[in-house]
Amino acid sequence: GGTFTNNDGCFTCTCADGWAGALCNEAVSELASGKPVKQSTTYYSSSANFAVDGNKGTDFSVHKCACTNVGDLFPWWSVDLQAVYNITSVRIINRGKDSSGIDVAARLRYVNVTVGQTESDVNTPCGFFDGPGTASQLVVIDCPSSPQGRFVKISAETEYLTLCEVEVFGF
Ligand SMILES: *[C@@H]1O[C@H](CO)[C@@H](O)[C@H](O)[C@H]1NC(C)=O
Ligand SMILES: *[C@@H]1O[C@H](CO)[C@@H](O)[C@H](O)[C@H]1NC(C)=O
């Protein structure tokens, strides 16, 4: 289903949704669900695994979202995919307005997605989201170079990195 463009003896492919690679022959799938995760700090019981638990609700006070703690100004969250993949995109579901009407969705900003082969070196740039995020926004961060790695890290320059759900796509 991809589109192939001929340019003088060479060609480039634009892949249909769900496919990647130079020939669009790599099936893309979601890789993070239920995998081991960590985050730099944890706000009360808002543990890192709530970002990969399949619960996509965005009301922080009702649904379960991962969140880093007060005072952590360079927070991060990471997932171990348990095998090496080429990463094509990362999707983050941002928190929404809570039942009391409070909207702090704009805290999601300067979000840097990186990948790496080992847990101690997750520094290959994948994609970036400037923000600020909006309530319940589905933030899609594409990784144009499809870098390879086993670990995917989401770092931000903001207090309280809140992730209601994270999906990592690759092949
Ligand atoms: C997968 O990643 C490796 C290493 O970054 C790269 O050399 C290779 O071209 C990528 N594969 C595809 C199909 O993009
Ligand atoms: C994201 O982090 C990587 C690794 O630390 C760094 O090389 C890259 O410049 C950062 N990207 C942005 C846009 O800040």
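Residues numbered from 1 in each chain as written. Chains lettered and ligands numbered in written order. Predicted model: local features only at pLDDT ≥ 70, side-chain atom pairs only at ≥ 80, totals over all residues. Heavy atoms only, no water.

A short note on the site of ligand 1
- If you check the shell around ligand 1, you find Gly21, Asn86, Ser146, Gln148 and Phe171 and nothing else.
- One of the side-chain nitrogen or oxygen atoms of Asn86 is found 2.3 Å away from an oxygen atom of ligand 1.
- Protein chains bury 48% of the 360 Å² of accessible surface belonging to ligand 1 in isolation.
- Of the residues belonging to the shell around ligand 1, the class tally is 1 nonpolar, 4 polar and no charged. (Near = heavy atom within 4 Å. Polar contact = N/O pair within 3.5 Å; in protein donor to acceptor, adjacent residues only side chain to side chain. Areas by Shrake-Rupley, 256 points an atom, 1.4 Å probe, with all protein chains shown as cover. Nonpolar A, V, L, I, M, F, W, Y, C, P; charged D, E, K, R; others polar.)

A word on the site of ligand 2
- Every residue near ligand 2 is listed here: Asn112, Thr114, Asn123, Pro125 and Phe128.
- In this structure, an oxygen atom belonging to ligand 2 sits 2.3 Å away from a side-chain N or O atom of Asn112.
- Interatomic distance of 3.4 Å between a side-chain N/O atom of Asn123 and an oxygen atom of ligand 2.
- Every element with two or more residues in the shell around ligand 2 is listed here: strand S9 (111-116) and strand S10 (124-129).
- The residue makeup of the shell around ligand 2, split by class, is 2 nonpolar, 3 polar and no charged. (Helix = DSSP H or I, 4+ residues; strand = E, 2+ residues; numbered from the N terminus.)

A closer look at the UniProt feature "domain: Fucolectin tachylectin-4 pentraxin-1" (unreviewed entry) in the protein
- Within this structure's numbering, the places UniProt gives as "domain: Fucolectin tachylectin-4 pentraxin-1" (unreviewed entry) are residues 28-170.
- Between the end C-alpha atoms of residues 28-170 the distance is 5 Å, and the span holds 0% helix and 41% strand. (UniProt positions renumbered as here; feature names shortened; annotations may be inferred.)

Observations concerning a nonpolar patch on the surface
- On the surface, Phe4, Phe11 and Leu23 cluster together into a nonpolar patch covering about 320 Å² of accessible area.
- Locating Leu23 in the fold gives a position in the loop between strand S3 (19-20) and strand S4 (26-27).
- Overall, the relative accessible area of 48% leaves Leu23 in the partly exposed class. (Patch = residues over 30% accessible without salt bridge, like charges linked within 9 Å, V, L, I, M, F, W, Y side chains within 5 Å. Salt bridge = Lys/Arg side-chain N within 4 Å of Asp/Glu carboxyl O. Buried < 20%, exposed > 50% of the residue type's maximum accessible area, 1.4 Å probe, protein only.)

Description of the state of the cysteines
- On inspection of all chains with the given rule, the structure shows 3 disulfides.
- There is a disulfide in this structure between Cys15 and Cys24, and the S-S distance comes to 2.2 Å. On the sign convention where negative is left-handed, the bridge of Cys15 and Cys24, at about -90 degrees about the S-S bond, is left-handed.
- You can call Cys15 partly exposed: its relative accessible area is 27%.
- According to the relative accessible area criterion, Cys24 is buried, its value standing at 12%.
- Across a sulfur-sulfur distance of 2.0 Å, Cys126 and Cys143 are joined as a disulfide pair. Measuring the twist about the S-S bond at about 100 degrees, one finds the Cys126-Cys143 disulfide to be right-handed. Note that Cys126 is positioned in strand S10 and Cys143 in the loop between strand S11 (138-142) and strand S12 (148-155), a separation of 17 residues in sequence.
- Taking relative accessible area as the criterion, Cys143 reaches 3% and is therefore assigned buried. (Disulfide = S-S within 2.5 Å.)

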